[in-house]
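Geometric and topological summary
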Amino acid sequence: MDPKKRSAVSVGATVDIVLKKDQPTGRLTRGRVKRILTNSATHPHGIKVMLEDGQVGRVQSILEEI
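Note that this is a predicted model, so its numbers are computed, not measured.

Time to look at the side chain of aspartate 16. Counting through the fold element by element, aspartate 16 comes out in strand 1 (residues 14-19). Here aspartate 16 falls in the buried class, since its relative accessible area comes to 7%. Contacts of aspartate 16, omitting those with residues within four sequence positions, involve Leu28, Thr29, Arg30, Arg58, Val59, Gln60, Ser61 and Leu63.

And the structure:
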């Protein structure tokens, strides 16, 4: 699954995201998608999502699809 395509990301999926503050280090945060925030079909840096715990970042990998 390509994390740069909105169609590949679904609500409830388990994903690894990079938070804005972690972009310089590339540190990943794992969680379940609560909302998809990117409106366009693709984004070169990954689709922006909100996790169930409220953290916002760009999807780097999709681990489990719902």
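Once you've had a look at it, read on.
A separate point is the pairing of strand 1. Extensive coverage of strand 1 is indicated by the burial of six of its six residues. Here strand 1 shows two buried faces, one formed by Thr14, Asp16 and Val18 and the other by Val15, Ile17 and Leu19. Of the strand pairs in this sheet, strand 1 and strand 2 (residues 28-36) are connected by five bridges, and their pairing is antiparallel. Bridge assignment links threonine 14 to a residue of strand 2, and that residue is arginine 32. Bridging between strand 1 and strand 4 (residues 56-64) involves six bridges; their strand directions are antiparallel. Looking across to strand 4, one finds that aspartate 16 is bridged to serine 61.

In this section: the pattern of salt bridges. By the definition in use, this model includes three salt bridges. When the shortest N-O distance is used, the salt bridge between aspartate 16 and arginine 30 registers 2.9 Å. Of this pair, aspartate 16 sits in strand 1 while arginine 30 sits in strand 2, and the two are 14 residues apart along the sequence. Under the relative-accessibility criterion, arginine 30 is labelled exposed at 54%. Two residues, aspartate 22 and arginine 27, come together in a salt bridge whose shortest N-O distance is 3.4 Å. Of the residues examined, aspartate 22 reaches a relative accessible area of 8% and is grouped as buried.

Conventions and cut-offs
- Residues numbered from 1 in each chain as written.
- Predicted model: local features only at pLDDT ≥ 70, side-chain atom pairs only at ≥ 80, totals over all residues.
- Heavy atoms only, no water.
- Helix = DSSP H or I, 4+ residues; strand = E, 2+ residues; numbered from the N terminus.
- Buried < 20%, exposed > 50% of the residue type's maximum accessible area, 1.4 Å probe, protein only.
- Contact = heavy atoms within 4.5 Å.
- Pairing = 2+ DSSP bridges.
- Salt bridge = Lys/Arg side-chain N within 4 Å of Asp/Glu carboxyl O.

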